[in-house]
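Overview (structure and organization)
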Amino acid sequence: MAFDWFKRKAKNITTSTDEKKDVPKGLWHQTPSGKVVEHDELKRNNYVSPEDGFHVRIGSAEFFDILFDGGKFTELDANVESIDILNFKDTKPYKDRLKEVKAKTKLTDSIRNAVGTVKGTEMVVSCMDFAFIGGSLGSVMGEKIRRAIDYCIEHKLPYMIICQSGGARMQEATYSLMQLAKVQAKLAQLSEAGLLYIAYLCDPTFGGITASFAMTADIIMAEPGALIGFAGPRVIRETIGRDLPEGFQTSEFLQEKGFVDFIVKRTEIQDTVAKTVNLLAVKA
């Protein structure tokens, strides 16, 4: 029996891919600590490893399913999508990069808007997708956040942004950077309307996102162990010429320094958001 494989090879016996008994890809997940978790168990636990508490990176589809009651929601502004405004080219033309990532992710940009109920309370949630060019901030993200805020003001609803981004999208240059001012101006209107704004910071939240609307919410929540900052630790270390404190740029470190209000596990996010909204939301 030990030599069956050699006999099969010698006789040119093959097995079709459909007939192979390999473990399906994605059925198991290994965390950075080496813990192996069955995919269905991971999904039941809101994509948090029950072995070590590691929060697996997820996208808007999974977050909406976790947050909204019964996973039911209405997507807003689904047809707004990125285009190549500047005919930009780096290692490849930006229009080609957009075409590839849209086909791969089935998304139109790096953020989605949705309205639904969270523990019976209606609210609007904008969630970034890191899979779409690193969740980068471009003109479409700024515009979709603007539209989500206008919807909140019109319908007097609280607002939440789930952040996971590497920062501004370089392929859109100044168009990208101007979204920081645009979003902040709209958030000021949201505040003037007496409506609550919650930010939930996931791994990673960096660059212009951190430098603006991720850190100007009424309540700032973060996932355990999330990396949050402006520049990366290597750049900071080389700039200041000093070693960085242990745990630097983690959500726990930022909470200790007063930049984050609460560390919220993903398994508790729906309850925590609902309680926060019910306690603090002011109807205009």
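Preceding this section is the structure that the text describes.
Fair warning: this is a prediction, and the values are worked out from it, not measured in the lab.

On to the sheet that holds strand E7 (residues 197-205), then. With respect to topology, seven strands assemble into an open sheet ordered E3-E4-E5-E6-E7-E8-E9, the strand pairing being mixed. Each edge of the open sheet is held by one strand with a lone partner, namely strand E3 (74-76) and strand E9 (262-263). Sheet topology note: the strand E5 (residues 121-128)/strand E6 (residues 159-165) ladder contains four bridges and is parallel. Bridge pairing in E6 links Val124 to Tyr159. Packing against the sheet, helix H5 (residues 139-155) makes contact with E3, strand E4 (111-118), E5 and E6, and its axis sits at approximately 25° to E4.

This paragraph deals with the side chain of Gln164. Looking at the element boundaries, Gln164 is found in strand E6. In this structure Gln164 comes out as buried when scored by relative accessible area, which is 1%. One polar contact links the side chain of Gln164 to the main-chain carbonyl oxygen of Ile58, over a distance of 3.1 Å. Engagement of the side chain of Gln164 in a polar contact is seen with the backbone oxygen of Met128, the distance being 2.7 Å.

Moving on, we get to the packing of aromatic side chains. If you walk through the whole model with that rule in mind, you get six aromatic pairs. For the ring pair Phe63 and Tyr200, a centre distance of 6.3 Å and an interplane angle of 85° mean the geometry is edge-to-face. In this pair, Phe63 is assigned in helix H3 (residues 60-67) and Tyr200 in strand E7, connecting sequence segments 137 residues apart. This pair shows no difference in class: Phe63 is buried, exactly as Tyr200 is. Taken together, the ring pairs in this structure connect Phe64, Phe68 and Phe73 into an aromatic cluster. The ring centre of Phe130 lies 4.2 Å from the NZ or CZ of Arg57, which sits over that ring.

Note that Thr74 resides in strand E3. Ignoring any residue separated from it by four or fewer positions in sequence, one finds Thr74 in contact with Asn113, Ala114 and Val115.

With that settled, consider a nonpolar patch on the surface. There is a patch of nonpolar side chains on the surface, built from Ile83, Ile85, Leu86 and Tyr175 and spanning about 360 Å² of accessible area. Along the chain, the position of Ile83 falls in the loop between E3 and helix H4 (94-105).

Among the nonpolar cores identified, the biggest contains 34 residues, and Ile145, Tyr159, Tyr197 and Phe213 are the most heavily contacted of them. Looking at which element gives the most residues to this core, the answer is H5, with five residues.

Moving on: the layout of surface pockets. For the largest pocket, the calculated volume is near 240 Å³. Lining the largest pocket are 16 residues, and of these Gly59, Ser60, Thr105, Leu107 and Asp129 sit closest to its centre. Ranked by residues supplied to the lining of the largest pocket, first place goes to H3 with three residues. Residue composition of the lining of the largest pocket, by class: six nonpolar, four polar and six charged.

By secondary structure assignment, the location of Asn46 is in the loop between helix H2 (39-44) and H3. With relative accessibility at 18%, the residue Asn46 sits in the buried group. The residues touching Asn46, leaving out its near neighbours within four places in the chain, are Ile66, Arg266 and Thr267.

On a regular strand, one side chain projects to one face of the sheet and the next to the other, so that they alternate. Burial of E5 is extensive: seven of the eight residues sit out of reach of the surface. For E4 and E5, the ladder comprises eight bridges, and the chain directions are antiparallel. The residue of E5 that forms the bridge with Val118 is Thr121. Where E4 folds back onto E5 in an antiparallel hairpin, the turn is made up of two residues, including Lys119, whose phi is positive at roughly 55°. Regarding topology, H5 serves as the crossover connection from E5 to the parallel E6, and that connection is right-handed.

Here we come to the pattern of salt bridges. Tallied over the entire structure, the rule returns 16 salt bridges. Between Arg57 and Asp203 there is a salt bridge, and its shortest N-O distance comes to 3.4 Å. Of this pair, Arg57 sits in the loop between H2 and H3 while Asp203 is found in strand E7, placing the two residues 146 residues apart along the sequence. Taking relative accessible area as the criterion, Asp203 reaches 27% and is therefore assigned partly exposed.

Parameters and conventions
Residues numbered from 1 in each chain as written. Predicted model: local features only at pLDDT ≥ 70, side-chain atom pairs only at ≥ 80, totals over all residues. Heavy atoms only, no water. Pairing = 2+ DSSP bridges. Helix = DSSP H or I, 4+ residues; strand = E, 2+ residues; numbered from the N terminus. Contact = heavy atoms within 4.5 Å. Axes fitted to C-alpha atoms, helices over the stretch in contact; angles between N-to-C directions. Buried < 20%, exposed > 50% of the residue type's maximum accessible area, 1.4 Å probe, protein only. Polar contact = N/O pair within 3.5 Å; in protein donor to acceptor, adjacent residues only side chain to side chain. Phe/Tyr/Trp six-rings, centres within 6.5 Å; stacked < 30°, edge-to-face > 60°. Lys NZ or Arg CZ within 6 Å of the ring centre and 35° of its normal. Patch = residues over 30% accessible without salt bridge, like charges linked within 9 Å, V, L, I, M, F, W, Y side chains within 5 Å. Areas by Shrake-Rupley, 256 points an atom, 1.4 Å probe, with all protein chains shown as cover. Salt bridge = Lys/Arg side-chain N within 4 Å of Asp/Glu carboxyl O. Core = buried A, V, L, I, M, F, W, Y, C linked by side-chain atoms within 4.5 Å. 1 Å grid on protein atoms, 1.4 Å probe; cavity = no way out; pocket = protein on both sides within 12 Å on 5 of 7 lines; lining within 4 Å. Points joined across faces, edges and corners; volume = space filled by probe spheres on them. Nonpolar A, V, L, I, M, F, W, Y, C, P; charged D, E, K, R; others polar. Right-handed = clockwise from strand over helix to strand, strands pointing away.

Taken by themselves, the reported measurements are silent on function.
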